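Fold and geometry: a report
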Amino acid sequence: MQSGTSAHRYDRRRLTDVFLKVYGTALAGVFRAPGRVNLIGEHTDYNEGFVMPAALDMSTYVAVAPRSDRLLRAYSMNFEESFEISLDANNPGASGTWGDYVRGVAGILEIRGHRLPGADLVILGEVPLGAGLSSSAAIEVATAVALLSTAGIKLERTEIAMICQQAEHLYAGTRCGIMDQFIACHGKKGRAVMLDCRSLDFRLLPLPEKLQLVICNSMVKHELASSEYNTRRAQCEAGVRVLKTVLPEIASLRDVTEMQLNHHRNLLEPVVYRRCRHVVTENDRVQRAGNALQDGDVPEVGHLMYESHRSLRDDYEVSCPELDILVESARPLTGVYASRMTGGGFGGCTINLVEMEHVQNFQREIARTYQQKTGMLPQIFVCQASEGAEAVTI
Ligand code: GLA
């Protein structure tokens, strides 16, 4: 990451000092998991479709030391808050705080039969919170690898992702798909990951070297995000139920073509039809974008990303005026191939593909236009695609 400010940057020495201060003992290890940006394939993961995220060079770090009892204690450097819980009384249910992610991961590991020792944790998050860059998946996956290492348990990365997704469902109350946790586990430097959310097969795609991933944070987070997310998911499921009456072979929107959808349009409520149309056309766009990226056809990738934004704005209705302003302000700038909202929506960030030599001008112009139109300054991050979760040695 080359620019943008974050009050919380990883610094081994500071983490070590804080750990000692909070718990009076030395940390035994540090683990990290990255945030993510999704290039294309939004709201397709929970419809068993396709997504194309990349892991960011902003991570959540978890410092850990094992305990001899069954107490799980955690301190967040971002919130300057602690919590503790007994692993024997760690029931599902959301309290709406960061601790839900930590105890959620511990809870699901135990539900799945992995007995954990107690542990002391200090958590430092670099990923901006509530900005749609998956700070929640980053804390979940970093916690999972820290706890697993402390317990001496080795699990496949995909299994870790599934555990963290379940933690988010049962302990944080969002019925998210698998994308965020999967990329936090499987990210690769310089690569986007094209993931089939049904089979969980994935392929790594090269990101052209002349391009930078530039993320613009609208600095707004609309309260609707979580409830509307679950509503969208329910609308997709309602669509599948109706379509199944005439297309019994389908299991999810992944199996429906645009032609079939249009053929049976009259069976669906207009709003459900539009939700389904987004998912069905988005799946097609992701696959085309995957091929285009493989061939180095950046203009085609850009075109598909703009189309994705339009579909999210008009059919899925998860954009907001601030995100639309960011996209429309980026579009005419020199060296910009693509701009779209990324993540769940209702605020958060846009992802922009910008030619390296034009990045500075892009940052200046976007900041100026956005401030003029909204009165707010966007946070801008110039990012590199990075590795997934790992132990940190320095
Ligand atoms: C959130 C969820 C993901 C995915 C996106 C939308 O980030 O956690 O699973 O559904 O929204 O694409």
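Reference entry: report on the structure contained in this document. (Residues numbered from 1 in each chain as written. Predicted model: local features only at pLDDT ≥ 70, side-chain atom pairs only at ≥ 80, totals over all residues. Heavy atoms only, no water.)

Right, let's talk about the site of the ligand for a bit. The ligand sits among Arg36, Glu42, His43, Asp45, Tyr46, Cys176, Gly177, Met179, Asp180, Tyr229, Gly343 and Gly344. Here an oxygen atom of the ligand and a side-chain polar atom of Arg36 are 2.9 Å apart. Within the side chain of Asp45, a nitrogen or oxygen atom sits 2.5 Å from an oxygen atom of the ligand. Burial of the ligand by the surrounding chains reaches 92%, relative to a free accessible area of 310 Å². Of the residues contributing to the shell around the ligand, the split by class is four nonpolar, four polar and four charged. (Near = heavy atom within 4 Å. Polar contact = N/O pair within 3.5 Å; in protein donor to acceptor, adjacent residues only side chain to side chain. Areas by Shrake-Rupley, 256 points an atom, 1.4 Å probe, with all protein chains shown as cover. Nonpolar A, V, L, I, M, F, W, Y, C, P; charged D, E, K, R; others polar.)

Core analysis: the biggest nonpolar cluster contains 43 residues, and Leu72, Val102, Leu121 and Leu147 have the highest contact counts within it. No other element matches helix α3 (residues 135-151), which puts eight residues into this core. If near-sequence neighbours (up to four positions away) are discounted, Leu121 is found in contact with Phe19, Tyr23, Val62, Ala63, Val64, Leu72, Arg73, Ala74, Tyr75, Val102, Thr143 and Leu147. (Core = buried A, V, L, I, M, F, W, Y, C linked by side-chain atoms within 4.5 Å. Buried < 20%, exposed > 50% of the residue type's maximum accessible area, 1.4 Å probe, protein only. Helix = DSSP H or I, 4+ residues; strand = E, 2+ residues; numbered from the N terminus. Contact = heavy atoms within 4.5 Å.)

A word on the state of the cysteines. A disulfide bridge is the covalent bond that connects two cysteines by way of their sulfur atoms. Enumeration over the complete set of coordinates arrives at zero disulfides. Considering cysteine sulfurs only, Cys349 is the nearest to Cys216, which forms no disulfide, with 8.0 Å between them. For Cys216, a relative accessible area of 1% corresponds to the buried category. No disulfide involves Cys276; its sulfur sits 5.9 Å from that of Cys236, the nearest cysteine. (Disulfide = S-S within 2.5 Å.)

Another aspect to go through is the sheet that holds strand β7 (residues 191-196). Here three strands make up an open sheet; going across it, the order is β2-β7-β8 and the pairing antiparallel. Across the chains shown, the open sheet's two edge strands, defined by having one partner strand only, are β2 (50-51) and β8 (202-206). Where helix α5 (residues 179-186) meets the sheet, its contacts fall on β2, β7 and β8, and the angle it forms with β7 comes to roughly 135 degrees. In this fold helix α8 (residues 270-294) packs onto β2, β7 and β8, with an angle of close to 50 degrees to the strand it touches most, β8. (Pairing = 2+ DSSP bridges. Axes fitted to C-alpha atoms, helices over the stretch in contact; angles between N-to-C directions.)

All quantities given are derived from atomic positions and should not be read as evidence of function.
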